[in-house]
Amino acid sequence: MNLKFMKRINALTIFCLALMQFYACSDYSKIGDVELEERDVELAVPLINTKLTVNDLINNTDGDSNVALNIDEDGRITLVYSGDVLQKQKEEIFQAIPLAIFPITDTATVHDVPFSNDQRVDKALFGNTNYGLSMSTNVGEEVTVTFSIPECKKDGQSYSKEFVIPEGTSDFISDKISLKGWTLESADQEITLKYDARLPDGTRIELNQMVMAIDAIIFDYVEGYFGYDIFDINGDFITIGLLDTWVSGGLSFESPKVEIYVENAFGFPVRSKFNTMTVTTVTGETFDVQSNIIDENIDFDYPDLTEVGEVKSTSFQFDNTNSNLVELFEEKVTRVSYDIDAEINPDMDTSIIEFLDSSGYFLISVDVELPLNGTVNDLKLQDTLDLDLSEFDEVTSSEFKSILANDFPAEIALQAYFLDDQNTTIDSLFDNRLILPSASTDANGKSLGGEEQTEFTTFDESRFNEIKKTKRVLMQVKINTPSPTWIYSDYGILFKVGAKMKTSI
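Residues numbered from 1 in each chain as written. Predicted model: local features only at pLDDT ≥ 70, side-chain atom pairs only at ≥ 80, totals over all residues. Heavy atoms only, no water.

Novice: Please explain the packing of aromatic side chains as it appears in this structure.
Specialist: Note on aromatic pairs: each is described by the distance of the centres and the angle between the planes. The tally for this structure, following the rule as stated, stands at 17 aromatic pairs. Taken together, a centroid distance of 4.9 Å and an interplanar angle of 90° make the contact between Tyr 159 and Trp 182 edge-to-face. Taken together, the residues Tyr 159 in strand 10 (residues 157-165) and Trp 182 in the loop between strand 12 (177-178) and strand 13 (183-184) connect sequence positions 23 residues apart. Judged on exposure class, the residue Tyr 159 and its partner Trp 182 are both buried. Ring centres of Phe 400 and Phe 459 lie 5.0 Å apart, and the angle between their planes is 70°; on these two criteria the pair is classed as edge-to-face. Of this pair, Phe 400 sits in strand 30 (residues 395-406) while Phe 459 sits in strand 34 (residues 453-460), placing them 59 residues apart in sequence. The same class applies to Phe 400 as to Phe 459, namely buried. Through a chain of ring-to-ring contacts, the aromatic side chains of Phe 274, Phe 300, Phe 316, Phe 318 and Phe 362 assemble into a single cluster. Here the guanidinium or amino end of Arg 335 rests over the ring plane of Phe 237, the centre of that ring lying 3.7 Å away. (Phe/Tyr/Trp six-rings, centres within 6.5 Å; stacked < 30°, edge-to-face > 60°. Helix = DSSP H or I, 4+ residues; strand = E, 2+ residues; numbered from the N terminus. Buried < 20%, exposed > 50% of the residue type's maximum accessible area, 1.4 Å probe, protein only. Lys NZ or Arg CZ within 6 Å of the ring centre and 35° of its normal.)

Here is the structure:
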């Protein structure tokens, strides 16, 4: 409450009392002798009432942050930092063949299907593929043309379509015609384009010219062998925000992990190929993650011909049993970077009958998991709270009352600093850091909750006038644990502050 307002209320009260005194007196001649004595007013004001939780002290998971707090059934916390999900679709593995022109120079003309040299296509189901025919003749009569592709089949029948060149037409261009749903089967990777042109009386003729144009050859399903290739999953990095409130000190994790998760709907072998995996520290130094997984790589599971449409998943992790992650995270890691490629058919085994379908995809995600179980050595964390003291005027003295409790099973040293609008420290709430003793624990080492303790701090008029510029309070804690300790979701630090302020009116 504003002290100026309180002073106005008290002045009004005194004025009313004076009027009452005036009317109670019989000697009206002494009205001018009434004197108002200066009085001290004491006001109790609540300022801060909060409990800083693990989430407040460790990280901010709001908004677009890449971190999630995973809490197990016992309440133990694991921080999970996620990178971007990287995905490849069928079109990126087996690309559409662009505009293709096939001259038909005879009534039966054989063309190679433009697949890559190291690919063998046994069966291919056309997707959104359209073709058109351009034909010319000078007979002057109506011509019926039957166009067929023996290698293109549906329901056991070869593809065939009839066209009519009207009488008197020398050049004829057909509409676009869809091949969607027709299957190309050619062991020789060849396609035969045939036509039978006849006059109205049944006489067979040859056309002057005939050309087939396909806008793009797109397959919804392909079966065969797709050759050796490498596709780039692209380098990426994961920001580790654990140190956003970390000022100094050490933190040793018992079991940090980097987990790789893969989903594969492609029906062919794929193997990981690690180009780099590094960590970056608060000092900007970069260190390599070392592991036999990087040296030997991992084969990803994939569906076989009897599992078309299914998705196979593979997951593996770098941890304290197969890598140097524990040592690396002692260096205060702020970023994990990775660059992973995927090798298609790494062993080039042509005996495998592979497949791709329109719904096929390959997905890889990378997460960094930090179970909050470790040893803390003078770890200093801090957070800010809004507090505006500018409305309190003419305070002659003040006493701050702080109520605190520490739920952590570790000793905490705490200090709170008054900051101005430039975040410059004006003063501290306590003359020295407060020591909040470790909370007692149960047989499993879990905190039973901290005991409340109360502290009083006195500010004289001069000192209070300085902290009137306060816009926020910086709460800073320093934590020590003598042995590895789990952090639970309900741990926090109770922090209540109120003040008694005196002013004269």
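There's more to say after this.
Novice: Teacher, can you tell me more about the environment of Thr 146 here?
Specialist: Counting through the fold element by element, Thr 146 comes out in strand 9 (residues 143-154). The class of Thr 146 is partly exposed, set by a relative accessible area of 28%. Note: C-alpha distance between Thr 146 and Ser 160 (14 residues apart in sequence) is 6.8 Å.

Novice: Even after reading the chapter, I still don't get a nonpolar patch on the surface, so can you show me in this structure?
Specialist: A cluster of nonpolar side chains, namely Tyr 228, Ile 230 and Met 348, defines an oily patch on the protein surface of about 260 Å² accessible area. Along the chain, the position of Tyr 228 falls in the loop between strand 17 (219-225) and strand 18 (229-232). (Patch = residues over 30% accessible without salt bridge, like charges linked within 9 Å, V, L, I, M, F, W, Y side chains within 5 Å. Areas by Shrake-Rupley, 256 points an atom, 1.4 Å probe, with all protein chains shown as cover. Salt bridge = Lys/Arg side-chain N within 4 Å of Asp/Glu carboxyl O.)

Novice: Would you explain the nonpolar core in this entry?
Specialist: Across soluble globular proteins, nonpolar side chains have a tendency to be buried as a group. If you look at the biggest cluster of nonpolar residues, it comprises 123 residues, and the most contacted ones within it are Phe 147 and Phe 318. Broken down by element, this core gets its largest block of residues, six residues, from strand 26 (residues 333-344). Discounting chain neighbours no more than four positions away, the residues touching Phe 318 are Pro 256, Lys 257, Val 258, Ile 260, Phe 274, Met 277, Val 289, Ser 291, Ile 293, Ile 294, Ser 323 and Leu 325. (Core = buried A, V, L, I, M, F, W, Y, C linked by side-chain atoms within 4.5 Å. Contact = heavy atoms within 4.5 Å.)

Novice: Help me understand the pairing of strand 28 (residues 361-371), please; the structure alone is not making it clear to me.
Specialist: Consecutive side chains of a regular strand alternate in pointing toward one face of the sheet and then the other. The element strand 28 is largely enclosed, with a buried count of 10 among its 11 residues. Judged from the five bridges that link them, strand 3 (residues 77-82) and strand 28 form a sheet pairing that is antiparallel. When the bridges of strand 28 are listed, Thr 78 appears paired with Pro 371. Relative to strand 28, strand 4 (residues 86-89) runs antiparallel, the two sharing four bridges. Across the sheet, residue Leu 86 finds its bridge partner in strand 28, namely Ile 364. As judged from the eight bridges shared by strand 21 (residues 257-264) and strand 28, these two strands associate in the antiparallel manner. Paired with Glu 263 across the strands is Leu 363, a residue of strand 28. (Pairing = 2+ DSSP bridges.)

Novice: Which parts of the structure should I look at to understand the pattern of salt bridges?
Specialist: Opposite charge on two side chains permits them to pair, given that their charged atoms come into close proximity. Enumeration over the complete set of coordinates arrives at 13 salt bridges. Between Glu 307 and Lys 312 there is a salt bridge, with the nearest N and O atoms lying 3.0 Å from each other. With relative accessibility at 19%, the residue Lys 312 sits in the buried group. Salt-bridge contacts for Lys 469 lead to Glu 466; the nearest nitrogen and oxygen are separated by 3.6 Å. What makes Lys 469 partly exposed here is its relative accessible area of 48%. Where salt bridges share partners, they join Asp 196, Arg 198 and Arg 204 into one cluster.

Novice: Explain the side chain of Glu 307 here, please?
Specialist: Examined against the element boundaries, Glu 307 turns out to sit in the loop between strand 24 (299-300) and strand 25 (312-318). The class of Glu 307 is buried, set by a relative accessible area of 18%. Beyond its immediate stretch of four places on either side in the chain, Glu 307 contacts Tyr 302, Lys 312 and Phe 355.

Novice: Just checking my understanding: could you explain empty space enclosed by the protein for this structure?
Specialist: Remark: the empty space left among the atoms is shown by a probe the size of a water molecule rolled over them. Enumeration over the complete set of coordinates arrives at five cavities of 30 Å³ or more. The calculated volume of the second largest cavity comes to roughly 50 Å³. Together, Phe 102, Asp 112, Val 113, Pro 114, Phe 126, Leu 184, Ile 191, Ile 214 and Ile 217 line the second largest cavity. A class-by-class count of the residues in the lining of the second largest cavity yields eight nonpolar, no polar and one charged. (1 Å grid on protein atoms, 1.4 Å probe; cavity = no way out; pocket = protein on both sides within 12 Å on 5 of 7 lines; lining within 4 Å. Points joined across faces, edges and corners; volume = space filled by probe spheres on them. Nonpolar A, V, L, I, M, F, W, Y, C, P; charged D, E, K, R; others polar.)

Novice: Can you help me understand unusual backbone geometry in this one?
Specialist: Of all residues except glycine, most have a negative phi; of all peptide bonds, most are trans. Although it is not a glycine, Gln 189 adopts a positive phi angle of roughly 60°. Within the fold, Gln 189 resides in the loop between strand 13 and strand 14 (190-198). According to the relative accessible area criterion, Gln 189 is buried, its value standing at 16%. Although it is not a glycine, Met 348 sits at a positive phi angle of roughly 50°.

Novice: How should I be thinking about the confidence of the model for the protein in this particular structure?
Specialist: Detailed reading of the predicted coordinates is not advisable wherever pLDDT falls low. Model confidence for the protein is summarised by a mean pLDDT of 84, while 87% of its residues fall at 70 or above. Across residues 1-36, where pLDDT falls below 50, the model places 25 contacts with residues more than four positions away in sequence or in other chains. (pLDDT = per-residue confidence, 0-100.)

Novice: How should I be thinking about the pairing of strand 31 (residues 411-419) in this particular structure?
Specialist: The buried count for strand 31 comes to seven of nine residues, which makes it a mostly enclosed element. Here strand 31 runs beside strand 33 (residues 434-436); their pairing, made up of three bridges, is antiparallel. Considered in strand 33, the bridge of Ala 413 is made with Ile 435. Relative to strand 32 (residues 425-428), strand 31 is paired through three bridges, and the arrangement is antiparallel. By the bridge assignment, Leu 419 is partnered in strand 32 with Thr 425.

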